[in-house]
Number of protein chains: 2
Amino acid sequence: MPTHRQCANAIRILAIDAIEKAGSGHPGAPLGMADMAEALWRRHFRHNPTNPAWPDRDRFVLSNGHASMLYYALLHLTGYDLPMPEIENFRQWGSKTPGHPEAGITPGVDMTTGPLGQGIASAVGMALAERMLAARFNTPEHKIVDHRTWVFCGDGCLMEGISHEACSLAGVWKLGKLIVLYDSNGISIDGRVDAWYNEDVHARFTAYGWQVVGPVDGHDAASLDAAIAEAKAEPARPSIIICKTHIGFGSPKADSEKCHGSPLGESAARATREVLDWHEPPFMIPDDVYKAWNAAPAGRAAEEKWQASFTAYREAYPVLAAEFNRRMAGDLPANWPALAKQLLNEMQSRTEAAATRMTSKTVLERLVPELPELLGGSADLSGSVGTFTASSLHFDPVSALGNYISYGVREFGMGTIMNGLALHGGFIPYAGTFMAFSDQAKNALRLAALMGLRLVWVFTHDSIGVGEDGPTHQPVEQLAALRATPDLLLWRPCDIIETATAWQYALESRHAPVCLSLSRQNLPFYARDEEQAASIAKGGYILLDCTGEPEIIFIATGSEVSLAVETTRRLETMGYRARVVSMPCAELFDAQDASYRKSVLPDTCRARLAVEAASPDFWWKYVGLDGAVCGMNAFGASAPAARLSEHFGFTVGHLLDMALALLKNQS
Amino acid sequence: MPTHRQCANAIRILAIDAIEKAGSGHPGAPLGMADMAEALWRRHFRHNPTNPAWPDRDRFVLSNGHASMLYYALLHLTGYDLPMPEIENFRQWGSKTPGHPEAGITPGVDMTTGPLGQGIASAVGMALAERMLAARFNTPEHKIVDHRTWVFCGDGCLMEGISHEACSLAGVWKLGKLIVLYDSNGISIDGRVDAWYNEDVHARFTAYGWQVVGPVDGHDAASLDAAIAEAKAEPARPSIIICKTHIGFGSPKADSEKCHGSPLGESAARATREVLDWHEPPFMIPDDVYKAWNAAPAGRAAEEKWQASFTAYREAYPVLAAEFNRRMAGDLPANWPALAKQLLNEMQSRTEAAATRMTSKTVLERLVPELPELLGGSADLSGSVGTFTASSLHFDPVSALGNYISYGVREFGMGTIMNGLALHGGFIPYAGTFMAFSDQAKNALRLAALMGLRLVWVFTHDSIGVGEDGPTHQPVEQLAALRATPDLLLWRPCDIIETATAWQYALESRHAPVCLSLSRQNLPFYARDEEQAASIAKGGYILLDCTGEPEIIFIATGSEVSLAVETTRRLETMGYRARVVSMPCAELFDAQDASYRKSVLPDTCRARLAVEAASPDFWWKYVGLDGAVCGMNAFGASAPAARLSEHFGFTVGHLLDMALALLKNQS
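Residues numbered from 1 in each chain as written. Chains lettered and ligands numbered in written order. Predicted model: local features only at pLDDT ≥ 70, side-chain atom pairs only at ≥ 80, totals over all residues. Heavy atoms only, no water.

J.: Can you walk me through helix α17 (residues 411–424) of chain A in this structure?
T.: Residues lying three or four places apart along an α-helix face the same way, a consequence of the helix completing one turn every 3.6 residues. Residue and element names in this part refer to chain A. Between its first and last C-alpha atoms α17 spans 20 Å; for 14 residues at 1.5 Å apiece the expected length is 20 Å, and the two agree. Of all 14 residues making up α17, 14 are buried, and the element is well covered by its neighbours. Looking one or two residues beyond α17, the residue adopting positive phi is G425, at roughly 95°. (Helix = DSSP H or I, 4+ residues; strand = E, 2+ residues; numbered from the N terminus. Expected span 1.5 Å × (residues − 1). Buried < 20%, exposed > 50% of the residue type's maximum accessible area, 1.4 Å probe, protein only.)

If you want it as structure tokens, here you go:
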């Protein structure tokens, strides 16, 4: 039977070999954390390598994602579908072993990591999901939700502000089943961290209400086991175990940043093999080591035990069990199509002018009671963003019940926690803040898009319509940034029907996050025929048309649609033929076939005027060199919204001038 | 003589009156913090209302910027050029009293705040600037730099992750003259904060190496004075004074979120006047209160004393004094034009292929020894981003000497601290991280642009050229986001001459931050004639031309310029006339006159192909409906860069196909 150290060395060697072969990678962290990984994954981590989708498996997040080879080695050794050729193909095109871990690519990888700090933060969301599902679905006799969330993180993760936001909340939320193993090696890329990171981590996490265990020797199996046992024994506080380690353990470059981000090199790799007393050829693991690592039999048994207990649960509570399965599968309720249709019909009757942030709330008032998977929230702007409904109940850290989270003033934290909730399954998170503050959460949105997560961001106060709060609160470039982000959809609806359609789309979007861009100010309602209403889902459609071919086409979104409509009516009285295209979701419009797109924007009409109170950059795509964009080329200002609209040219008069100039150029 | 409380009430009443008149605003915080403000501004804050530009004044940052009326009341009462009509015009078009404080608009406002947490973070930069300038310029007999940085912040600021990043560094850096007064009122917009913010702030800041004073009664002048005195007495640790206050003090809505973000309303305003025993009509301050607040005479005397000491210093150390004045004025050294010219000439001779991240380092190697105001740094990627030069010296927290900061893994913190350094004056901060992580710092970049700060961001690894590190490290939408941000310039140079020109532009850009987008991979060098070299500064120019009118125009930046050049050469051999436009800074190109722009991009040539390994959205502006863009419509992947370029179509073959299709369409 191999020793703990020998098992850990298998990780080290695989990391060295894969990184040497790839010619790039990060050996320092896998060498440093191998003993931590051996302790956790061989004696505490509850998982089934033959079914990475087991709902009640422990979750694992490698927050310092550059240590990816540690993760791949673990998955390979414990029996996941990650055979040696994949290890040998580390960082190559089409492999299951990318440079940083990517959920959806590698079996067993629970989250995409790389940007430091976001792993630990999303793990807070996973642990919250577990607690809330346990409170909702477990019964005194049946614990069908009962698993831990484990995190490996490094110094860099704890330097990042996101770790503060999320870990502070984890303390408030009493996430006792969240356990972080902190790889405290005192080295980051610029060298010894003392010169830029010398805080007392023990005191910091105690201040958050965590249990702090250690420091322990991160290379000693017995100490690690004792620390992990202590962490597991704490029911109500999240735990962080401070593991003192040596980066690059065993290599001649140990304890130096030189082993962080590039291969050890042939001679250092050879020397490390000697130190580790490892004499196999590259990519060769002795059978007894494989055997010692193999977690498949125990994993299968663990899941079978859970399946048996779930069967008993289903017999006792068939409705609960079906609901649990539905939610974990991410299926909307069976009555969803009828509900969605009814919702749209109801909204057709609400013809009053309203801010789209409020029409969004109106829609949520109908949806929240029907969809228990909706877990709402806000970064301390619940009233302003309309996310808290009459059916919303604040999460209670004692009972773990509720369907609404006050995240505090933590936009980025909210985003990463939503990612964790969505990754765990069982919830569709939605949450709101001001559009200008999407900046703070941007990289969480990016990771959500990259992972293809189902969640909804409610961004209100989406233009200079904010008014008096001024330029720090008035988005300009944010819409362009979100539209330029792949695999993420931005909706900017103009009235309640478009808002309801956007929500319907968002909830049905299983594999792409959706952002709603909503107004602070009131916007008029538009009556639509059935075909028009159905066309909203195409992302762009003719809202108002002329008889015959249009001489000019307006393209507008959200709060500027009404300006386009009014200007068009003025042009009509002057004898021009004008069309208004409402384009609430440009990404969806672009995905339509060419004939539909040309029917909305015929090639022959080159007098095109896009209107949006945001950076104009995006719109040239539709208006071309012969068109024009009425957008924001500057930051806003503090003043009543109407005054700002006038100053920045969002008036019928200014649009009319622009339109007439375009028409003149064409003739 | 009015009491402390009566003086504080003048702030409260002005806040109430202005907010009532404006019909919007945030009364809760000014009412709650008025006593803190009275203590600090009447007895400790060293400033000269008649000269807000005095270099050695104390700095003040209102981190919870929504309390703007507190700030305006202070400026008005102490004698700044902010007369009562400005107070009455709170939040109106063209006033000096916008909804959130804006540097450059209101005399005496040291920083634009609003997005929570960034004020306290930038104050760390200001205090760092003070310490470093003091170390550089003071002599045993002359302390010409000797002032404090004061911050007011609220619960929200301390929830934000940015407070963690910056305050951790402030502890490491021993910024003893940074003093934060924390308005701990236990209320944020969603209600009582206990449910989302219950951490032990005392323990947290002690963990960072701060002196924590209090909690003290934030409404008691004597307690506040004692606490401030204690903070001032600590030489080496930053101090935070925990001030327990009542939000909305004196109003019927005190201790409730209801007074946070909207006017009290007439009846509550009247009731508050009663409670505060204030019987003047709106916007009327009794003469004795004005007199008690007037800080102009003492401020004038303080500055005169400093001026006298500076005169003595100048006599003793004329060179140092001149250098101090130069740096505080933000003037480049007298030899700058010659130096810049020489630099460009030298770079013309470095004809080898090189990554632009390395050509940037080559440029910095020349600049850093010549420009002591350059304060470099990196978010723990110094080697990769090329910001640390042979003349760089790490900041030493004991001596406060050095010209380089290792910020740790804190992109946002780095950004806000750079903002603070630039706001203080005396430094031109530059710092680097990977372009993908510009996301994390985005709102700091936005504030830098909004404030018109002079600083340089070095964003390297700017495309799928990153290769094996994969999609989390490969920017796609970031270039579009930065270009869409007003008043910020993005340069994406293609070789060393463009890189040197970009650096020259950046250093001369006094009122707009500049971002450099640099490659990880090697790029070829282009020889240019003198006219071409001069045209780089126009942002876009003809790098390679055909004889006669072009049939097709390529527009490219950075790493894709060489692809455009190679494709053009292939087209030439096929008999086509093609032009390559290099557009390293589109914002500057757009600022050229129409005749120049048309000479580069003649209206007659509609076959235009833009190439950039990033989101294509931005480029339609130049290619129009008849052109095409070769860009990234998806996230990248982990593989060697050449394999990615092939997959995503950044090859001569693919560009040739696209070009031929365009040429065919035109004919």
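Next comes the rest of the description.
J.: Is there a simple way to think about the sheet that holds strand β9 (residues 374–378) of chain B in this case?
T.: Paired through their backbone hydrogen bonds, the strands of a sheet run either parallel or antiparallel. Residues and elements named next belong to chain B. The parallel open sheet is built from six strands, whose spatial order is β10-β9-β11-β12-β14-β13. Two strands close off the open sheet at either side, each with one partner strand: β10 (404–406) and β13 (489–491). Looking at each pair of strands side by side, their axes are set apart by 20° on average, direction ignored. Taken together, the three bridges between β9 and strand β11 (residues 428–434) define a ladder with parallel strand orientation. By the bridge assignment for β11, L374 is matched with I428. Here helix α18 (residues 438–451) sits on the sheet and contacts β11, β12 (456–460) and β14 (514–517); the angle it forms with β12, its principal contact strand, is near 165°. (Pairing = 2+ DSSP bridges. Axes fitted to C-alpha atoms, helices over the stretch in contact; angles between N-to-C directions. Contact = heavy atoms within 4.5 Å.)

J.: Sorry, what's going on with the relation of the copies chain B and chain A here?
T.: One copy of the chain maps onto the second through a rotation about an axis and a displacement along it. Its rotation angle being 180°, the transformation that places chain B on chain A also includes 0.0 Å of axial translation and leaves an RMSD of 0.0 Å. The operation mapping one copy onto its partner corresponds to a two-fold rotation axis. (Least-squares fit on C-alpha atoms with pLDDT ≥ 70 in both.)

J.: Help me understand the packing of helix α1 (residues 4–22) of chain A against helix α10 (residues 266–275) of chain A, please; the structure alone is not making it clear to me.
T.: Axes are the key here: two packed helices are described by the angle between their axes and the distance separating the axes. All names here are of chain A. For the pair α1 and α10, the least separation of the axes is 11 Å and the interaxial angle reads 165°. As judged from the angle between their axes, α1 and α10 are roughly antiparallel. Of the two elements, α1 crosses α10, and the hand of that crossing is left-handed. Across the interface between the two elements, I13, I16, D17 and E20 of α1 pack against E266, A269, T272 and R273 of α10. Of the residues that constitute the contact of α1 with α10, the class distribution is three nonpolar, one polar and four charged. (Parallel < 35°, antiparallel > 145°, perpendicular 65-115°, else oblique. Left-handed = near helix turned anticlockwise from the far one by under 90°. Nonpolar A, V, L, I, M, F, W, Y, C, P; charged D, E, K, R; others polar.)

J.: I keep staring at the pairing of strand β12 (residues 456–460) of chain A and nothing clicks. Help me out?
T.: A regular strand carries its side chains on alternate faces of the sheet. Residues and elements named next belong to chain A. Among the five residues that make up β12, five are buried, leaving the element largely enclosed by the rest of the structure. Here β12 shows two buried faces, one formed by V456, V458 and T460 and the other by W457 and F459. Of the pairings in the sheet, the one linking strand β11 (residues 428–434) to β12 comprises five bridges and is parallel in character. Along β12, the bridge assignment pairs T433 with F459. Remark: the β11/helix α18 (residues 438–451)/β12 crossover connection has right-handed handedness. As defined by bridge partners, β12 adjoins strand β14 (residues 514–517) across four bridges and the pair is classed as parallel. (Right-handed = clockwise from strand over helix to strand, strands pointing away.)

J.: Before we go on, may I ask you to explain unusual backbone geometry in this structure?
T.: Leaving glycine aside, a negative phi is the common case for residues, and trans is the common case for peptide bonds. Along the chain, G214(A) connects to P215(A) via a cis peptide bond; the corresponding omega equals 10°. One non-glycine residue, K174(A), lies in the positive phi region at around 55°. By the element assignment, K174(A) lies in the loop between α7 (161–172) and β3 (178–184). Exposure remark for K174(A): the relative accessible area of 37% places this residue in the partly exposed category. In the Ramachandran plot, D277(B) falls in the positive-phi region, its phi being about 60° despite a non-glycine side chain. Locating D277(B) in the fold gives a position in the loop between α10 (266–275) and α11 (287–293). Here D277(B) falls in the exposed class, since its relative accessible area comes to 56%.

J.: Can you walk me through helix α20 (residues 496–508) of chain B in this structure?
T.: Residues and elements named next belong to chain B. The end-to-end C-alpha distance of α20, which contains 13 residues, comes to 18 Å, matching closely the 18 Å that a straight helix rising 1.5 Å per residue would cover. Of all 13 residues in α20, 11 are buried; the element is thus mostly enclosed. By the burial criterion, the buried members of α20 are I496, I497, E498, T499, A500, T501, A502, W503, Q504, A506 and L507. Capping of α20 at its N-terminal end is provided by D495; its side-chain oxygen lies 3.3 Å from the backbone amide nitrogen of I497. (Polar contact = N/O pair within 3.5 Å; in protein donor to acceptor, adjacent residues only side chain to side chain.)

J.: Would you take a moment to explain the packing of helix α2 (residues 28–43) of chain A against helix α3 (residues 68–78) of chain A for this structure?
T.: Residues and elements named next belong to chain A. At their nearest, the axes of α2 and α3 sit 10 Å apart, and the two run at 35° to each other. Between α2 and α3 lies a crossing of right-handed hand. Note on element contacts: α3 touches α2 through M69, L70, Y71, L74, L75 and T78, opposite P30, M33, A34, A37 and W41.

J.: Honestly, the side chain of D617(B) in this entry has me stumped. Any pointers?
T.: Relative to the assigned elements, D617(B) resides in the loop between β19 (608–611) and α25 (620–623). Setting aside anything within four residues of it in sequence, one finds D617(B) in contact with R483(A), A484(A), D617(A), F618(A) and K621(A).

J.: Can you walk me through the environment of A231(A) in this structure?
T.: Position of A231(A) relative to the elements: it lies in helix α9 (residues 221–233). Along the chain, A231(A) and Q211(A) lie 20 residues apart, while their C-alpha atoms are 7.5 Å from each other.

J.: Could you clarify how one ought to interpret empty space enclosed by the protein in this entry?
T.: Over the atoms rolls a probe the size of a water molecule, and in doing so it shows where empty space is left. The final tally for this structure, using the stated rule, is eight cavities of 30 Å³ or more. Space inside the largest cavity adds up to approximately 130 Å³. In terms of lining residues, the largest cavity is bounded by 14 residues, among which K442(A), A481(A), D439(B), K442(B) and A481(B) are the most central. The set of elements that each furnish at least two residues to the lining of the largest cavity consists of α18 and α19 (478–484) of chain A together with α18 and α19 (478–484) of chain B. (1 Å grid on protein atoms, 1.4 Å probe; cavity = no way out; pocket = protein on both sides within 12 Å on 5 of 7 lines; lining within 4 Å. Points joined across faces, edges and corners; volume = space filled by probe spheres on them.)

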